Amino acid sequence: MTAQNIIPQTTPLAKQIVAPLPGLALVAALAAGAIWAKGQFSIPLLGPMVIAMGLGVVLRNVFGALPWAAQGIFQAQRPLMRLGIVLLGLQLSLSQIIEAGAPLFLGIAALLAASYSSTQLFGRWLGVAPELTRLIGAGTAVCGASAVMAVQGARPGSHNDLAYAIACVTLFGTLSMIGLPVLALALGLDGQGLGLWAGAAIHEVAQVVGATESHSVEAAEWGMMAKLTRVLLLAPLVLVLTRFGGPSEASDGPSPLPLFVLGFAAMMGLNSAVALPAEVLQPAATLTSFLLTMALAAMGLNTDLAALKRKGLRPLALGAIATLFVTAGALALLLLI
């Protein structure tokens, strides 16, 4: 009998299960540490999600990339984040969407179009490459990294541009996540006001939750309604770019409408149709919060500040201008509706 017969062989499935575990353990530890820090020190205006992302950014930029953790970080930032967003649907109902009304939907649609178009103009003015401008515009106007990857899938371009755009919108989305609650407090906005402003302005879904969850349940609910309205508008944006954006290579890229949006809608429909008991809703809310805290820690671990510096100041300036535009536009929208 040979050694090969004695030693069990690792199957591809087993490798797929084991490989992400170190990274997932790291991300879970950062999430748990952030939750502990929030409870221990009662840091004002900073929820566990913001703290977790900050810890991730520090770890990445002090120790560099962590190849041994890469697969787990990816799983936390993509599939687990989307699962958390799907479960968020259990905290909303259709009656709340109806309460928001058509003005909110139309206003957010107009803001999205204005934000994306203005980013293209600013990009030309600053001399930023059109492909990179397009990605930064989509990530800022719609839903961060998911929008960047959807547009890249519809109109393939440089992988360096893709990585830069994701890092750029993550950075400015993080700054918005930290800054908007402070500005909302200074402006005297209530939970509904903060939620609508954050949902209409902040880039990533998880960042919207991070900005609102420490304020109130009302802020979190209105933030998700506004943010998911923007996500739903990703499909029309990608279709317009595909049809009218000039020639492009064929692509097997991601679906224009992320499937997690459909899952979120299904959970919201379930919560509207059935009176779910607290024994179900409370554990689901706890799991949702932890998954999204892990996702933001993973985003931090993927934020390479040196990569932003290497591209120069012009694309970074474009990301800043685009973020200021959508933030000011969302505040104007809030005052109008």
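Calculation notes
The numbers attached to residues start from 1 for each chain and follow its sequence in the written order. pLDDT decides what is reported in this predicted model: residues at 70 or higher carry local features, side-chain atom pairs at 80 or more are listed and counted, and totals for whole chains, interfaces and linings draw on all residues regardless. Water and hydrogen atoms were dropped before computing side-chain values, which therefore reflect all heavy atoms in the structure. Residue burial is assigned from relative accessible area. The probe radius is 1.4 Å, only protein chains are included, and a residue is buried under 20% of its type maximum, exposed over 50%, and partly exposed in between. Strands are runs of DSSP state E lasting at least two residues, helices are runs of H or I lasting at least four, and both sets are numbered from the N terminus onward. By definition here, a helix of n residues has an expected span of 1.5 Å times n minus one. Note on method: axes are straight lines fitted to C-alpha atoms, helices fitted across the in-contact stretch only, with angles between N-to-C directions ranging 0 to 180 degrees. Throughout this description, any angle smaller than 35 degrees is read as roughly parallel, any larger than 145 degrees as roughly antiparallel, any in the 65 to 115 degree range as roughly perpendicular, and the remainder as oblique. Only heavy atoms matter for contacts: two residues are in contact if any of them lie within 4.5 Å across the pair. In this count, Pro and Cys sit with the nonpolar residues alongside Ala, Val, Leu, Ile, Met, Phe, Trp and Tyr, while Asp, Glu, Lys and Arg are called charged and the others, Gly among them, polar. Each cavity reported here is a set of points on a 1 Å grid over the protein atoms alone in which a 1.4 Å probe fits but cannot get out, each pocket an open set with protein on both sides within 12 Å along at least five of seven lines, and each lining residue one with an atom within 4 Å of a point. Grid points are joined across faces, edges and corners, and a volume is the space filled by probe spheres set on the points.

K.L.:
Hey, could you go over helix α11 (residues 205-212) for me, with residue numbers and the actual values?
P.N.:
Counting buried residues along α11, eight of its eight residues qualify, which places the element largely inside the surrounding structure. Three or more residues of α11 are buried, namely Val205, Ala206, Gln207, Val208, Val209, Gly210, Ala211 and Thr212.

K.L.:
Any chance you could break down helix α4 (residues 48-63) for me, citing the residues and the numbers?
P.N.:
For α4, which comprises 16 residues, the first-to-last C-alpha distance of 22 Å matches the rise-based estimate of 22 Å (1.5 Å per residue) to within 8%. Those residues of α4 lying buried are Pro48, Met49, Val50, Ile51, Ala52, Met53, Gly56, Val57 and Arg60. Where α4 ends, the next residue or the one after it, glycine 64, has phi of about 80°, a positive value.

K.L.:
Help me get a handle on the packing of helix α7 (residues 130-143) against helix α12 (residues 217-232), residues and values and all.
P.N.:
Where α7 meets α12, the axes come as close as 8 Å, and the angle between the chain directions of the two elements is 140°. On the basis of their axis angle, the class for α7 and α12 is oblique. Touching Thr140, Ala141, Val142 and Cys143 of α7 are Lys227, Arg230 and Val231, all from α12. Across the contact of α7 with α12, the residue classes tally to four nonpolar, one polar and two charged.

K.L.:
Describe the layout of surface pockets, and please don't skip the residues or the numbers.
P.N.:
Its boundaries defined by the atoms lining it, the second largest pocket holds a volume of some 330 Å³. Leu88, Gln91, Val209, Glu213 and Ala220 are, among the 19 residues lining the second largest pocket, the residues nearest its centre. Every element with two or more residues in the lining of the second largest pocket is listed here: α11, α12 and α15 (278-301). Residue composition of the lining of the second largest pocket, by class: ten nonpolar, seven polar and two charged.

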